[in-house]
Amino acid sequence: MSHDHSSSHAHGHDHAQGANRARLVVAICIIGAFLVAQVIGGLLSGSLALLADAGHMASDVLGLVVALVAAIVAARPATDRQTYGYRRFEVFGALVNGLILLGVSVTVAIGAVGRLISGAEGEAHEVQGGLMLVIAVLGLAANIAAMLVLRGGAKDSINLRGAYLEVLGDTIGSALVIVAAIVILLTGWDAADPIASLAIAALIVPRALVLLRDVAHVLSESAPADTDVAEIREHLLRTAGVVAVHDVHVWQITSGQPVFTAHVEVEPEVFASGRTGELLDELGGCLAAHFDVAHSTFQLEPAGRAEQEHETHHR
């Protein structure tokens, strides 16, 4: 016997999905335009930090496209084969984004170390600080604009959070490039450029690892971090007619979409008086109201059923 409080929740989720897709399209346009300017500026100025930031911006655009495709696929309706729909694709999108972030960090770090070593050996790497500064300031403005666009959906969607983190990392990167450009302009110390790109790499890695950890939580079907299973069990046990609650499972299809199942043992008169439907309404309503769980399924059983099941399994 099951109970599903998902219709209004699903409608709200669909509306949020549409808004998130629009956010992603706007962010792709903003960052795509400045990516071209940054690559040209990096090549003309000789700035590795600017090219590192452009590499990160290119990963932003790729990440945003991945997030957009995932959001479009996630919006497809459920089928007999994909019974929960395609919302798990948002998690796969976040996984790809996390891996892109790590890849960019490693590439940037290798390039920066190489530049520092060759600089220490006396090879000159002249950097045009003025051009580097202008492009970095424009890049910072573009990133801040894209961040403001994405921020609204980052709290609820792991997919959008991945995209937001990419742009946040890039915003910090642009700020570091600006600092390096000012140092080069004032002192002529060109090593500020690869040092800035190393700092960019170091800042990206922790964010990528946090995102990948969140993805692992969803894919391993762990209970959501903010869900206390013991508290839910206690709450259900306080419902009139409920004797015991066992075989409790809570997991997420994607971020913000928890699913709950449980076996609920009830007093004999619940079945005798035909109160099962009423009790299911009460249990499902309790989860929806107190724990924001829209998809809940309960198997109602006569009191003492758990012992019988336990004996059957151990014969």
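Since the model is a prediction, treat every value here as computed from it, not as a measurement.

Turning to the overall build of the protein chain, a few remarks are in order. Scanning the protein chain from terminus to terminus reveals 10 helices and 4 strands. Walking the protein chain from its N terminus toward its C terminus, one meets helices and strands in the order β-α-α-α-α-α-α-α-β-β-α-α-β-α. Taken over C-alpha atoms, the radius of gyration comes to 26 Å for the protein chain, far larger than the 20 Å a tight globule of 315 residues would show. Dimensions of the protein chain, computed from C-alpha atoms along their principal axes, come out at roughly 90 × 40 × 30 Å. Looking at the 315 residues of the protein chain, the share that counts as buried comes to 45%. Across the protein chain, the fraction of contacts at a sequence separation of at least 24, relative to all contacts at a separation of at least 6, is 75%. In the structure as shown, the protein chain presents an accessible area of about 14,800 Å², 64% of it carried by carbon and sulfur atoms. Computed over 17 positive and 32 negative side-chain charges, the separation of the two mean positions in the protein chain equals 3 Å.

Now for the packing of aromatic side chains. Here the structure, examined in full by the defined rule, presents 3 aromatic pairs. Measuring from centroid to centroid gives 5.7 Å for Phe89 and Phe92, while their planes differ by 90°, and the two rings are edge-to-face. Taken as a pair, Phe89 and Phe92 lie in helix H3 (residues 89–120) at a separation of 3 residues, close to a single helical turn. Judged by its relative accessible area of 32%, Phe89 is partly exposed. Judged by its relative accessible area of 36%, Phe92 is partly exposed.

Moving on, we come to the confidence of the model for the protein chain. Overall, the prediction assigns the protein chain a mean pLDDT of 81, with 90% of residues at 70 or greater. Low pLDDT, under 50, characterises residues 1–9; the stretch is placed with 28 contacts to residues that sit more than four places away or in other chains.

With that settled, the discussion passes to helix H9 (residues 276–291). Over its 16 residues, H9 extends 22 Å from the first C-alpha to the last, a length consistent with the 22 Å expected when each residue adds 1.5 Å. Within the sequence span of H9, burial applies to Thr276, Leu279, Leu280, Leu283, Gly284, Cys286, Leu287 and Phe291. All buried residues of H9 lie within an arc of 150° about the axis, which places them on one face of the element. The first or second residue beyond H9 is Asp292, which carries a positive phi of 55°.

The subject of this paragraph is the pattern of salt bridges. If the charged atoms of two oppositely charged side chains come close together, the side chains can form a pair. Tallied over the entire structure, the rule returns 5 salt bridges. The shortest N-O distance in the salt bridge between Asp193 and Arg115 comes to 3.5 Å. Taken as a pair, Asp193 in helix H6 (residues 192–219) and Arg115 in helix H3 lie far apart in primary sequence, 78 residues in all. Classification of Asp193 as buried rests on a relative accessible area of 0%. Residue classification places Arg115 among the buried residues on the basis of a relative accessible area of 17%.

Let us now look at the packing of helix H5 (residues 158–187) against H6. With their axes 9 Å apart at the nearest point, H5 and H6 run at an angle of 170° to one another. When the axis of H5 is compared with that of H6, the two are roughly antiparallel. Residues Ile158, Arg161, Gly162, Leu165, Leu168, Ile172, Gly173, Leu176, Val177, Ala180, Val183 and Ile184 of H5 lie in contact with H6, whose contacting residues are Ala192, Asp193, Ala196, Ala199, Ile200, Leu203, Arg207, Leu211, Asp214, Val215 and Val218. Tallied by class, residues from the contact of H5 with H6 come to 17 nonpolar, 2 polar and 4 charged.

A word on the nonpolar core. If you look at the biggest cluster of nonpolar residues, it comprises 21 residues, and the most contacted ones within it are Leu24, Ile31, Leu64, Leu150, Ala163 and Val167. Looking at which element gives the most residues to this core, the answer is helix H2 (residues 48–74), with 7 residues. Residues in contact with Leu24, not counting those within four places in the same chain, are Leu64, Ala67, Leu68, Ala71, Leu150, Leu160 and Ala163. Phe260, Ala262, Leu287 and Val293 belong to the second largest nonpolar core, which has 20 residues in total.

Analysis parameters
Residues numbered from 1 in each chain as written. Predicted model: local features only at pLDDT ≥ 70, side-chain atom pairs only at ≥ 80, totals over all residues. Heavy atoms only, no water. Helix = DSSP H or I, 4+ residues; strand = E, 2+ residues; numbered from the N terminus. Rg over C-alpha atoms; globule rule 2.2 N^0.38 Å. Buried < 20%, exposed > 50% of the residue type's maximum accessible area, 1.4 Å probe, protein only. Contact = heavy atoms within 4.5 Å. Areas by Shrake-Rupley, 256 points an atom, 1.4 Å probe, with all protein chains shown as cover. Lys, Arg positive; Asp, Glu negative; His and termini not counted. Charge placed at Lys NZ, Arg CZ, Asp CG, Glu CD. Phe/Tyr/Trp six-rings, centres within 6.5 Å; stacked < 30°, edge-to-face > 60°. pLDDT = per-residue confidence, 0-100. Expected span 1.5 Å × (residues − 1). Arc of directions from axis to C-beta. Salt bridge = Lys/Arg side-chain N within 4 Å of Asp/Glu carboxyl O. Axes fitted to C-alpha atoms, helices over the stretch in contact; angles between N-to-C directions. Parallel < 35°, antiparallel > 145°, perpendicular 65-115°, else oblique. Nonpolar A, V, L, I, M, F, W, Y, C, P; charged D, E, K, R; others polar. Core = buried A, V, L, I, M, F, W, Y, C linked by side-chain atoms within 4.5 Å.

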